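Single-letter residue listing:
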Amino acid sequence: MSVSTAAIDPSVCAPLPVLGQDVTVPLVTGGEVTYAALDYAASAPALQRVWDDVAAYAPYYGSVHRGAGYLSQLSTDLFENSRRTVAEFLGCRAEDQVVFTRSTTDSLNLLAAAIPANCQVFVYETEHHASLLPWRDAQVTYLNAPRTPGQAVETLERALADRDPYGPALVCVTGASNVTGELWPVKELAAAAHAHGARIVLDAAQLAPHHPVDIAELDVDWVAFSGHKLYAPFGSGVLAGRADWLQAAEPYLAGGGASRKVARRADGGVDVDWHTTAARHEAGSPNVIGVYSIASACKALTEAGFDSLVAREQELVSRVREGLAEVPEVQVLSLFGDDAPRVGVISFVVRGWNSSHFAAALSAEYGIGVRDGLFCAHPLVRTLLGSDPQDPGECGAPEAEPGERSLNAIRVSFGAGTPDEHIERFLRAVTELVREGAQWKYRTEDGRCVPDRGTAAQV
């Protein structure tokens, strides 16, 4: 295999500056190399622009909403302006609410707590656990993995046609798979849901960082995503969309900020008048810096030109897929086939390799960070690997020694901050490992495949 060294078309877009782009890491073979962060699907590096904005605000940090002091009022304005920025970024409708949460998982659990009694929930087995598991108190129908976008719509339509037509219903679907990167037919699924009297929530954790998301254009009822996928620091997320179910539900957390008025009753109890705005589900002192960092990331992506960012990422996707296709031992995982549109998330297995061993060698010998495991989407990865749903396997390395078969996969993911060199190094490393083997010996320690320090392989 001859890895292409052609540069990305400079007219498309340059990578955006991110934190950590100059960090070096040691190699077991000696020396150091600039770290190649190719695990964006887990957490994207924070944009330098976001970090600079947060650093500029930090001296003015203050608690929001109820403080009379200047810093508190300034922070309140910043917090609420951030809400408007996120609403604009998502194309929210005038009546929609933007609720700030801790993460996508938190957002979907909030919505799960707010759905009406007797709500029927429809969710594909292909979902990330964040959208697969929160619906514990609902009547849940799990839909089989579709093999085409059209089949996804048909499967949903059949399931909705068989439901109780008079009760509330909710469809939960990803916008882009965190395993295959494939785009789902969200607009068509929304139309099918609404045609059958159901609502739909979009898990945009993997879509929003890679592709514009417009609530009104897609006609979804809610969107959930995480800041740490969107080039912002950890600890903040968003649930945006229709207000009625959220206003009717008990507050997600009971406490200050969610309550508008609290009074003692004559019988010794307490009466509470809860807010009907987004504050109803934002009890406690909010993560102002996290919220501001999301808004800063939204502005940065918009100002950079999302069309240009998408175009560059698609060139990277093509390059990775073409490079992996030249290694016969590599099998790329896919639901919808090679021609399906996708974002910069690609999972694969390598014949003859334990996936944890391969990922460990990429890190220890090449300074490349990828992810191995089932990616918190166990049913989907097992379906793609053709394994029995009852087979062992977990997020992270299995208890298999290097060289043994593993029931997991390797995931490479990238985005707006990925330089060309990281992609070229990754493809070169895959080729060399498959052809020549690892230069070092590895062992399993605490469930992870790690280099056996001081023990080089016999090559």
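Everything numeric in this text was worked out from a predicted model, so none of it was measured.

What counts and how
Residues numbered from 1 in each chain as written. Predicted model: local features only at pLDDT ≥ 70, side-chain atom pairs only at ≥ 80, totals over all residues. Heavy atoms only, no water. Patch = residues over 30% accessible without salt bridge, like charges linked within 9 Å, V, L, I, M, F, W, Y side chains within 5 Å. Areas by Shrake-Rupley, 256 points an atom, 1.4 Å probe, with all protein chains shown as cover. Salt bridge = Lys/Arg side-chain N within 4 Å of Asp/Glu carboxyl O. Helix = DSSP H or I, 4+ residues; strand = E, 2+ residues; numbered from the N terminus. Buried < 20%, exposed > 50% of the residue type's maximum accessible area, 1.4 Å probe, protein only. Pairing = 2+ DSSP bridges. Axes fitted to C-alpha atoms, helices over the stretch in contact; angles between N-to-C directions. Core = buried A, V, L, I, M, F, W, Y, C linked by side-chain atoms within 4.5 Å. Contact = heavy atoms within 4.5 Å. 1 Å grid on protein atoms, 1.4 Å probe; cavity = no way out; pocket = protein on both sides within 12 Å on 5 of 7 lines; lining within 4 Å. Points joined across faces, edges and corners; volume = space filled by probe spheres on them. Nonpolar A, V, L, I, M, F, W, Y, C, P; charged D, E, K, R; others polar. Parallel < 35°, antiparallel > 145°, perpendicular 65-115°, else oblique. pLDDT = per-residue confidence, 0-100.

*Asks:* Just to check I follow, could you spell out a nonpolar patch on the surface for this structure?
*Replies:* A contiguous nonpolar surface patch, about 330 Å² in accessible area, is contributed by Tyr60, Tyr70 and Leu71. With respect to the secondary-structure elements, Tyr60 resides in the loop between helix H1 (48-57) and helix H2 (70-89). On the basis of relative accessibility, which here comes to 41%, the residue Tyr60 falls in the partly exposed class.

*Asks:* Explain unusual backbone geometry here, please?
*Replies:* With glycine set apart, most residues show a phi of negative sign, and most peptide bonds adopt trans. One non-glycine residue, His65, adopts positive backbone phi at about 80°. Take His65: it is sitting in the loop between H1 and H2. Overall, the relative accessible area of 36% leaves His65 in the partly exposed class. For Phe375, which is not a glycine, the phi torsion comes out positive at approximately 55°. Topologically, Phe375 is positioned in the loop between strand E16 (371-373) and helix H12 (378-385).

*Asks:* Looking at this structure, I do not really get the sheet that holds strand E14 (residues 345-350). What am I missing?
*Replies:* Sheet strands associate in pairs through backbone hydrogen bonding, adopting either a parallel or an antiparallel arrangement. Read from one edge to the other, the open sheet built from 4 strands follows the order E13-E14-E17-E16, with strand pairing classed as antiparallel. Every interior strand has two partners, whereas the edge strands, strand E13 (330-332) and E16, have only one. Neighbour-to-neighbour, the strand axes of this sheet turn through a mean angle of 30°, independent of strand direction. In this structure, E14 lies alongside strand E17 (residues 409-413), joined through 4 bridges in antiparallel fashion. Across the sheet, residue Val345 finds its bridge partner in E17, namely Ser413.

*Asks:* Sorry if this is basic, but what is going on with the sheet that holds strand E4 (residues 97-101) here?
*Replies:* Sheet architecture is open: 7 strands sit in the order E4-E10-E9-E8-E7-E5-E6, paired in mixed fashion. The outermost strands of the open sheet, each flanked by one partner alone, are E4 and strand E6 (139-143). Each strand axis lies, on average, 20° off the axis of its neighbour in the sheet, ignoring direction. Examined bridge by bridge, strand E9 (residues 222-226) and strand E10 (residues 237-241) share 5 bridges and lie antiparallel to one another. Looking at the pairing, Ser226 lines up with Gly237 of E10.

*Asks:* Explain the nonpolar core here, please?
*Replies:* For soluble globular proteins, nonpolar side chains are generally found buried alongside one another. Ranked by internal contacts, the top residues of the largest apolar core, which has 82 residues, are Leu90 and Phe225. Examining the composition of this core, we find that 8 residues originate from one element, helix H9 (residues 288-304), more than from any other. Setting aside residues no more than four positions away along its own chain, Leu90 makes contact with Val213, Asp214, Ile215, Val223, Phe225, Val238 and Ala240. Counting residues in each nonpolar core, the second largest holds 36 residues, with Ala36, Ile346, Trp440 and Cys449 among its members.

*Asks:* What is the right way to read the layout of surface pockets from this model?
*Replies:* It is the rolling of a water-molecule-sized probe over the atoms that shows where space remains empty. There is about 410 Å³ of room inside the largest pocket. As for the largest pocket, its lining consists of 29 residues, and the residues nearest its centre are His128, Asn178, Lys229, Phe375 and Cys376. Contributions of two or more residues to the lining of the largest pocket are made by helix H3 (104-114) and E16. Looking at the lining of the largest pocket residue by residue, the classes come out as 11 nonpolar, 12 polar and 6 charged.

*Asks:* Sorry, what's going on with the packing of helix H10 (residues 306-325) against helix H13 (residues 420-436) here?
*Replies:* Relative orientation and spacing of two packed helices are given, respectively, by the angle between their axes and the distance between those axes. Closest axis-to-axis distance for the H10/H13 pair is 10 Å, and the angle between their directions is 10°. Between H10 and H13, the angle is such that the two are roughly parallel. Counted together, Arg312, Leu316, Arg319, Val320, Gly323 and Leu324 of H10 and Asp420, Ile423, Glu424, Phe426, Leu427 and Val430 of H13 form the full contact between these two elements. By residue class, the composition of the contact of H10 with H13 is 7 nonpolar, 1 polar and 4 charged.

*Asks:* Hey, could you run me through the confidence of the model for the chain in this one?
*Replies:* Close reading of the predicted structure is inappropriate where its pLDDT is low. When pLDDT is averaged along the chain, the result is 92, and 93% of the positions lie at 70 or above. Note on residues 1-8: pLDDT is under 50 here. Beyond four places in sequence and across chains, it has 21 contacts.

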